[in-house]
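In case you want the letters, here they are:
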Amino acid sequence: MRAPTNLEQIRSAEKVLAVGTWTITLGAVLYSMLTVTPLMSGHTPKGWQWTAPILPLVVDAAVVIVVRMDSTLAYLDGDGGRWPVMLRWMTGAMTVLLNVGQSALDHDAVGVAVHAVAPLLLIVTAETSLAYRRAIAAALAARAAGERDERAERERLQEERRQREREDRLAEYERAEQRERERREHDERMADKQREHEERMAREKREELARREAADRDERQRRQDAERADRERREREVSERERLEREREQTAEQAIEQLRQELLAAPAVDERLPEDQARLTVQDCVVARVPQRRAVELTGWSAGWIANRYQELRAAERPAIAA
């Protein structure tokens, strides 16, 4: 089975047909002018021989018009009626007669045959090219009709396919809606269960938090009671220590004051005491804050020695106080 001819091949064939037709037409026109002009020149009054090429030009122009219009009508699939046919055959007959006229007058049969070739070829080529173009136009029209039918069939099939696709999409949409509805119902059930679970967990958490807060309050209360009891105990201990310290200080003050009174009331010595005893007496004087003059009277030692002992004892007291 032969493959169908595509449009590019058809255009190529039409181009070959057009080029060939115009080549034959132009050749025939040129040959006709060269053949007819001497005939017209011999049958034109003297002085008017320059008009000899006009008639072949007119006839050839008619031939060109016929060929051109026929090709245009063939492309348009039109019919010009009887007049284009009459003009085509009339110009063809005139071309033949003019081309063979001189040979016929000279009774030259060979010349008649030779000069008839170009116009006859032109006439047959014009008719043939017209037939070709009409056949091509008819074939293209049939092909276009077939393509329209095929396109209509494809469109029908596409429409049916689209209809099936719409129905399938509608069915799929309905199934998707059903699945979505079931999913929503399932999600709602799960959400209800989740909400109930969260509410139960929140309630249990609140109860646990309340128990912890109560336990924390009890623990804080116990700690506060313990801290208050400990604070009260420490306060009592501090108060007791302060009381004992005050009593010790009072006792010490009383002892120092008694010692002071004794030292102030003691009689002065006539002789100097031994150094150890003198040191002890000076120490008592320093503790009782007795003036150095009285220490001199009680020990019998010199004022310089007593001053040195006072300085030593006071210097020894300062580190003890700082510690």
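Cut-offs and rules
Residues numbered from 1 in each chain as written. Predicted model: local features only at pLDDT ≥ 70, side-chain atom pairs only at ≥ 80, totals over all residues. Heavy atoms only, no water. Axes fitted to C-alpha atoms, helices over the stretch in contact; angles between N-to-C directions. Helix = DSSP H or I, 4+ residues; strand = E, 2+ residues; numbered from the N terminus. Parallel < 35°, antiparallel > 145°, perpendicular 65-115°, else oblique. Left-handed = near helix turned anticlockwise from the far one by under 90°. Contact = heavy atoms within 4.5 Å. Nonpolar A, V, L, I, M, F, W, Y, C, P; charged D, E, K, R; others polar. Phe/Tyr/Trp six-rings, centres within 6.5 Å; stacked < 30°, edge-to-face > 60°. Lys NZ or Arg CZ within 6 Å of the ring centre and 35° of its normal. Patch = residues over 30% accessible without salt bridge, like charges linked within 9 Å, V, L, I, M, F, W, Y side chains within 5 Å. Areas by Shrake-Rupley, 256 points an atom, 1.4 Å probe, with all protein chains shown as cover. Salt bridge = Lys/Arg side-chain N within 4 Å of Asp/Glu carboxyl O. Expected span 1.5 Å × (residues − 1). Bend = angle between axes of the 7 residues up to and from the residue. Buried < 20%, exposed > 50% of the residue type's maximum accessible area, 1.4 Å probe, protein only. Core = buried A, V, L, I, M, F, W, Y, C linked by side-chain atoms within 4.5 Å. pLDDT = per-residue confidence, 0-100. 1 Å grid on protein atoms, 1.4 Å probe; cavity = no way out; pocket = protein on both sides within 12 Å on 5 of 7 lines; lining within 4 Å. Points joined across faces, edges and corners; volume = space filled by probe spheres on them.

### What to know about the packing of helix α5 (residues 275-287) against helix α6 (residues 292-299)
Next, step 1: It is at 10 Å that the axes of α5 and α6 come closest, and there the two elements cross at 150°. Relative to α6, α5 is oriented roughly antiparallel. Pair α5 / α6 crosses with right-handed handedness. In this structure, α5 contributes A278, T281, V282 and C285 to the contact, and α6 contributes A295, L298 and T299.
Next, step 2: The class makeup of the residues in the contact of α5 with α6 is five nonpolar, two polar and no charged.

### Considerations on the packing of aromatic side chains
Next, step 1: Evaluation of the coordinates by the stated rule reveals one aromatic pair.
Next, step 2: Lying over the aromatic face of W301, R272 brings its terminal NZ or CZ to 4.1 Å of the ring centre.

### Concerning a nonpolar patch on the surface
Next, step 1: A surface patch of nonpolar side chains, amounting to about 480 Å² of accessible area, comprises W48, W50, I54 and V58.
Next, step 2: The residue W48 is located in the loop between α1 (7-42) and α2 (54-76) in this model.

### A look at helix α3 (residues 82-105)
Residue pairs spaced three or four apart in an α-helix point in one direction, given the helix's 3.6 residues per turn.
Next, step 1: Here α3 spans 33 Å end to end across 24 residues, near enough to the 34 Å set by a 1.5 Å rise per residue.
Next, step 2: At N99, α3 shows its maximal kink, close to 35°.
Next, step 3: Along α3, the positions that sit buried rather than exposed are R88, T91, G92, T95, V96, L98, N99, V100, G101 and S103.
Next, step 4: Trailing α3 by a residue or two, H107 shows a phi angle of about 55°, which is positive.

### Here's the deal with the nonpolar core
Next, step 1: With 15 residues, the main nonpolar core has L263, V282, C285, V290, W305, I306 and Y310 as its most contacted residues.
Next, step 2: When sequence neighbours within four positions are dropped, the list of residues in contact with W305 reads E275, A278, R279 and V282.

### Quick notes on unusual backbone geometry
Next, step 1: Even without being a glycine, R289 presents a positive backbone phi close to 55°.
Next, step 2: For R289, the position within the fold is in the loop between α5 and α6.
Next, step 3: The exposed category is assigned to R289, whose relative accessible area is 53%.

### So, the confidence of the model for the protein
Next, step 1: Mean pLDDT over the protein: 79, with 89% of residues reaching 70 or higher.
Next, step 2: Per-element confidence in the protein is highest for α5, whose mean pLDDT is 87, and lowest for α2, whose mean pLDDT is 71.

### Considerations on the environment of I24
Next, step 1: Along the chain, I24 falls in helix α1.
Next, step 2: Residue I24 is classed as partly exposed on the basis of its relative accessible area of 27%.

### What about empty space enclosed by the protein?
Next, step 1: The full count for this structure, using the stated rule, is one cavity of 30 Å³ or more.
Next, step 2: One number sums up the size of the largest cavity: a volume of about 70 Å³.
Next, step 3: Residue lining of the largest cavity: eleven residues in total, with V63, R88, T91, L122 and I123 positioned closest to the centre.
Next, step 4: Secondary-structure elements contributing two or more residues to the lining of the largest cavity are α2, α3 and α4 (109-265).
Next, step 5: Class assignment of the residues belonging to the lining of the largest cavity gives a composition of seven nonpolar, three polar and one charged.

### Some remarks on the pattern of salt bridges
Note that side chains of opposite charge can pair when their charged atoms are close.
Next, step 1: For the structure on display, the rule yields 28 salt bridges.
Next, step 2: E237 is paired through a salt bridge with R233; the nearest N and O atoms lie 2.7 Å apart. Here R233 and E237 lie together in helix α4, a separation of four residues that amounts to about one turn.
Next, step 3: Residue classification places E237 among the partly exposed residues on the basis of a relative accessible area of 35%.
Next, step 4: Residue E312 is joined to R309 by a salt bridge in which the shortest nitrogen-to-oxygen separation is 2.8 Å.

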